[in-house]
Amino acid sequence: MAIPTPVNGQITDAVAPTRHRSLIAILRGVTPDEAADMARALVAAGITMIEVPLNSPEPLKSITAMKEAVGDAAMIGAGTVLTPDDVANVKAANGEFVVSPNCDTDVIKKTKELGMGSWPGVLTPTECFAAIKAGADGLKIFPASIIGAEGIKAMRAVLPKETPVYAVGGVGPDDFATYAKAGCDGFGLGSGIFKPGMTVDDVSNAAVAYVTANDAVFG
């Protein structure tokens, strides 16, 4: 899959990915002026879910800019969403899914009420089932490195098979096979794919590495 070549520092066209991959790119610290180009680069590499944490600079502006840049080629959402009011603000900015570091059932219910995807952070079976009961679309095991693949395997054995489980926090491309074998369906990609100061080329290269690792595991 070709990645657009920057022209005067700008990527002008997004290349639609050939398929959806269960990877969420987490762009903590992205700014509105770079958001559109970062989103285009990620979509070109084959990543179709992009999260802007709300503790980034002017995150709602970045979400809006990304959605305008990539359209239906990717889903744009927010992370570090802590309150129902945050959820409403994300919706108003054209966000399509909500990710939280914790399991707050009020946040989950508000997210579903507004028609968005819900990915709460969980770490225990109690939190997992509370999130599912509240309507979560998937579970973000966070921080995954704390319980490791074996801990996730134990929880996966009792969770509904149809509920997607993503490992987030301390999991890199070299770990994908181990976590997939434990029952993970996808991964959240943090500082390995973006941190402030990275260029569009840096993000493009990192995204390609993650997509390559993902495809080697999931086919």
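Structure shown above.
Residues numbered from 1 in each chain as written. Predicted model: local features only at pLDDT ≥ 70, side-chain atom pairs only at ≥ 80, totals over all residues. Heavy atoms only, no water.

**Student:** Is there a simple way to think about the overall build of the protein in this case?
**Tutor:** A count of helices and strands for the protein gives eight helices and nine strands. Relative to the compact-globule value of 17 Å for 219 residues, the protein shows a C-alpha radius of gyration of 16 Å, a close match. The principal-axis extent of the C-alpha atoms belonging to the protein is close to 50 × 40 × 30 Å. Across the 219 residues in the protein, those meeting the buried criterion constitute 50%. (Helix = DSSP H or I, 4+ residues; strand = E, 2+ residues; numbered from the N terminus. Rg over C-alpha atoms; globule rule 2.2 N^0.38 Å. Buried < 20%, exposed > 50% of the residue type's maximum accessible area, 1.4 Å probe, protein only.)

**Student:** In this structure, what is going on with the packing of aromatic side chains? I would like to understand it.
**Tutor:** Applying the stated rule across the entire model yields four aromatic pairs. Here Phe 176 and Tyr 210 contribute two aromatic rings whose centre-to-centre distance is 6.1 Å and whose plane-to-plane angle is 35°, an arrangement assigned as tilted. Placement of Phe 176 in helix 7 (residues 176-181) and of Tyr 210 in helix 8 (residues 200-218) is noted, with a sequence separation of 34 residues between them. Classification of Tyr 210 by relative accessible area gives buried; the value is 8%. Following the ring pairs from residue to residue traces out a cluster consisting of Phe 176, Phe 187, Tyr 210 and Phe 218. Here the guanidinium or amino end of Lys 140 rests over the ring plane of Phe 142, the centre of that ring lying 4.6 Å away. (Phe/Tyr/Trp six-rings, centres within 6.5 Å; stacked < 30°, edge-to-face > 60°. Lys NZ or Arg CZ within 6 Å of the ring centre and 35° of its normal.)

**Student:** Looking at this model, I keep getting lost on the pattern of salt bridges. Mind explaining?
**Tutor:** Note that side chains of opposite charge can pair when their charged atoms are close. The full count for this structure, using the stated rule, is seven salt bridges. Across the pair Asp 185 and Arg 156 runs a salt bridge, and its minimum N-O distance is 3.0 Å. Remark: Arg 156 occurs in helix 6 (residues 144-156) and Asp 185 occurs in the loop between helix 7 and strand 9 (186-189); sequence separation between them is 29 residues. Look at Asp 185 and you get partly exposed, because its relative accessible area is 31%. Judged by its relative accessible area of 14%, Arg 156 is buried. (Salt bridge = Lys/Arg side-chain N within 4 Å of Asp/Glu carboxyl O.)

**Student:** It is not clear to me how the nonpolar core should be interpreted in this structure. Could you clarify?
**Tutor:** Note on soluble globular proteins: their nonpolar side chains tend to be buried together. In terms of nonpolar packing, the biggest core is built from 62 residues, with Leu 27, Leu 42, Ile 47, Met 66, Tyr 179, Phe 187 and Ile 193 touching the most fellow members. Among the elements that take part in this core, helix 1 (residues 32-45) stands out by supplying eight residues, more than any other. Residue contacts for Leu 42: discarding those within four places in its chain leaves Ala 25, Leu 27, Ile 47, Ile 50, Ile 193, Val 203 and Ala 207. Met 49, Phe 97, Val 99 and Tyr 166 belong to the second largest nonpolar core, which has eight residues in total. (Core = buried A, V, L, I, M, F, W, Y, C linked by side-chain atoms within 4.5 Å. Contact = heavy atoms within 4.5 Å.)

**Student:** I keep staring at the packing of helix 1 against helix 8 and nothing clicks. Help me out?
**Tutor:** When two helices pack together, their arrangement is given by the angle between their axes and by how far apart the axes lie. The contact between helix 1 and helix 8 brings their axes to 9 Å, and the two run at 30°. Judged by the inter-axis angle, helix 1 sits roughly parallel to helix 8. With respect to the hand of their crossing, helix 1 and helix 8 are arranged in right-handed fashion. The segment helix 1 lies against helix 8, with Asp 37, Met 38, Ala 41, Leu 42 and Ala 45 engaging Val 200, Val 203, Ser 204, Ala 207, Val 208 and Val 211. (Axes fitted to C-alpha atoms, helices over the stretch in contact; angles between N-to-C directions. Parallel < 35°, antiparallel > 145°, perpendicular 65-115°, else oblique. Left-handed = near helix turned anticlockwise from the far one by under 90°.)

**Student:** So what exactly am I meant to see when it comes to the sheet that holds strand 2 (residues 49-53) here?
**Tutor:** Ordered by their spatial adjacency, nine strands build an open sheet running 5-4-3-2-1-9-8-7-6, and the pairing between neighbours is parallel. Two strands bound the open sheet, and with one partner strand each, they are strand 5 (117-119) and strand 6 (121-122). Where strand 3 (residues 75-79) lies against strand 4 (residues 97-99), two bridges are found, and the strand directions are parallel. The residue of strand 4 that forms the bridge with Ala 78 is Val 98. (Pairing = 2+ DSSP bridges.)

**Student:** What am I meant to see in empty space enclosed by the protein here?
**Tutor:** Any empty space left between atoms is shown by rolling a water-sized probe over those atoms. Scanning the model with the defined rule gives one cavity of 30 Å³ or more in all. By volume, the largest cavity amounts to about 50 Å³. Ile 24, Ile 26, Glu 51, Val 99, Trp 119, Lys 140, Tyr 166, Val 168, Phe 187 and Gly 188 together form the lining of the largest cavity. Listed by contribution, the elements that provide at least two residues to the lining of the largest cavity are strand 1 (23-26), strand 8 (165-168) and strand 9. (1 Å grid on protein atoms, 1.4 Å probe; cavity = no way out; pocket = protein on both sides within 12 Å on 5 of 7 lines; lining within 4 Å. Points joined across faces, edges and corners; volume = space filled by probe spheres on them.)

**Student:** Just to check I follow, could you spell out the environment of Ala 182 for this structure?
**Tutor:** Tracing the backbone through its elements, the reader meets Ala 182 in the loop between helix 7 and strand 9. Remark: the alpha-carbon pair of Ala 182 and Lys 153, spanning 29 residues in sequence, is separated by 4.5 Å. Residues contacting Ala 182, with those up to four places away along its chain left out, are Ala 149, Ile 152, Lys 153 and Arg 156.

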